[in-house]
Amino acid sequence: MNIEQIKETPIWQLYEKGRNYHRRIGIYTDTDRNYRMYNGNQWEGAKLGDVEPVQKNFIKPIVKYKISVIHDNLYAINYSSQNFTNREFAKVSERYCEMLNRYAHRIWEQDKMDFKGRRITKDAAINDEGIIYVDFDEEEMKPINEIIKKNDIYYGNENDDDIQNQPYILLRKRMPVSNAIDFALSKGMSEADTEYIIGDNDTFEESGEAAKEELDNMVTLVYKLYKKDGTVHYSIATRWIEIVEDVDIGIKLYPIAHFNWEEKEGSARGEGEVRYIIPNQIEVNRTEMR
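All of the points below concern the structure found in this document. Predicted, not measured: the structure shown is a model, and the values here were computed from it.

Criteria and thresholds
Residues numbered from 1 in each chain as written. Predicted model: local features only at pLDDT ≥ 70, side-chain atom pairs only at ≥ 80, totals over all residues. Heavy atoms only, no water. Salt bridge = Lys/Arg side-chain N within 4 Å of Asp/Glu carboxyl O. Helix = DSSP H or I, 4+ residues; strand = E, 2+ residues; numbered from the N terminus. Pairing = 2+ DSSP bridges. Axes fitted to C-alpha atoms, helices over the stretch in contact; angles between N-to-C directions. Contact = heavy atoms within 4.5 Å. Buried < 20%, exposed > 50% of the residue type's maximum accessible area, 1.4 Å probe, protein only. Phe/Tyr/Trp six-rings, centres within 6.5 Å; stacked < 30°, edge-to-face > 60°. Arc of directions from axis to C-beta.

**Observations concerning the pattern of salt bridges**
Enumeration according to the criterion identifies 25 salt bridges in this entry. Two residues, Arg-275 and Asp-128, come together in a salt bridge whose shortest N-O distance is 2.3 Å. Of this pair, Arg-275 sits in the loop between strand S8 (256–260) and helix H7 (278–289) while Asp-128 sits in the loop between helix H5 (113–127) and strand S1 (129–137), placing them 147 residues apart in sequence. A network of salt bridges, in which partner residues are shared, links Glu-16, Arg-19, Arg-23, Asp-152, Arg-172, Asp-202, Glu-205 and Glu-206.

Quick look at the structure:
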């Protein structure tokens with residue numbers, strides 16, 4: 001196989017467009033800085049000589065307090081039949097709602113949704129936006145709620161914070177090449193075509209500095225979600241080959257929820273708690289050092 005003789009997939013070209021935009025507005029570098037400042041690594045890059053860095057990290061307690069206020073009570077899905085006026089049907093619907101509530105409670109517990117809710121709230125507070133992607137396990141017949149990092153989602157319109165208005169949404173996933181090949185084979189790809197699933201070292205876009213060092217030979221998969229004829233379709237591709245092409249999911253809404261900490265005019269990403277108190281934190285640290 002000569003890598004120079006094959007073309008990049010159309011999905012990858014869209015991904016490159018989104019990646020260039022992210023680099024231009026500083027999403028990748030801002031993400032690393034926001035989490036670094038939250039976690040207490042607040043003297044990164046400073047030349048201090050023999051001086052021991054001193055700091056008073058007030059960013060973390062601010063974020064933790066506000067998250068605890070939001071999640072002071074537990075959340076749950078509740079189906080209700082109270083909006084039906086037909087008494088005969090209301091009795092039937094009430095029974096179905098009880099069954100649905102038990103099912104929803106079981107799925108909520110199994111998928112650890114209380115933890116995931118706190119996690120995306122924390123992501124939004126630190127880095128503007130928390131995202132959950134809902135997949136579906138056809139064998140277990142239940143939804144799978146996956147936390148997506150801000151770095152790994154690319155909107156077709158980065159100026160619109162309404163997810164359902166997006167012309168398309170890209171999701172970036174990293175996985176070992178062996179896992180990607182197994183996944184491709186499960187989706188019907190031939191053994192011969194799996195040679196185009198090639199490992200790479202594209203880790204600059206990873207969320208967090210620790211994620212930029214990988215143990216296994218990894219590859220980037222890009223999921224494209226888009227609406228066509230009133231329903232959501234998806235495709236999956238690596239840089240050099242398409243794994244899944246134009247599958248109709250059969251639903252009308254994108255299976256993605258995002259939580260912006262604060263709205264930001266003209267931006268799909270919102271505004272977090274940490275970004276604009278970083279200068280205050282740096283000045284407090286400098287004062288403490290002096």
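There is more to say, and it comes next.
**Examining the sheet that holds strand S7 (residues 242–248)**
Read from one edge of the open sheet, 5 strands run S3-S4-S5-S6-S7, paired in antiparallel fashion. A strand with exactly one partner marks an edge of an open sheet, and here the two such strands are strand S3 (153–155) and S7. When strand polarity is set aside, the average angle formed by the axes of neighbouring strands in this sheet is 15 degrees. As paired strands, strand S6 (residues 231–237) and S7 are joined by 4 bridges and run antiparallel to one another. In the strand pairing of S7, Ile-236 is matched with Val-244. Here helix H1 (residues 10–25) sits on the sheet and contacts S3, strand S4 (168–176), strand S5 (218–228), S6 and S7; the angle it forms with S5, its principal contact strand, is near 100 degrees.

**Focus on unusual backbone geometry**
Trans is the common state for peptide bonds, and a negative phi is the common state for residues other than glycine. At Lys-112, a residue that is not glycine, the phi angle is positive and equals roughly 55 degrees. The topology assignment puts Lys-112 in the loop between helix H4 (87–110) and H5. We classify Lys-112 as exposed; its relative accessible area is 57%.

**Details of the packing of aromatic side chains**
Counted according to the given criterion, the structure contains 4 aromatic pairs. With centroids separated by 4.8 Å and ring planes inclined at 65 degrees, the aromatic side chains of Trp-12 and Tyr-15 adopt a geometry described as edge-to-face. Of the two residues, Trp-12 and Tyr-15 are both situated in helix H1; the distance of 3 residues between them amounts to about one turn of the helix. Judged by its relative accessible area of 1%, Trp-12 is buried.

**A closer look at helix H6 (residues 177–186)**
Along H6, the residues that are buried comprise Val-177, Ala-180 and Ala-184. Down the axis of H6, the buried side of the element spans an arc of 60 degrees, and every buried residue falls inside it. For H6, exposure combined with an orientation more than 90 degrees from the buried face picks out Asp-182 and Ser-186. Here the buried face of H6 lies against S4, S5 and S7. A positive backbone phi angle near 100 degrees is found at Gly-188, which sits one or two residues after H6.

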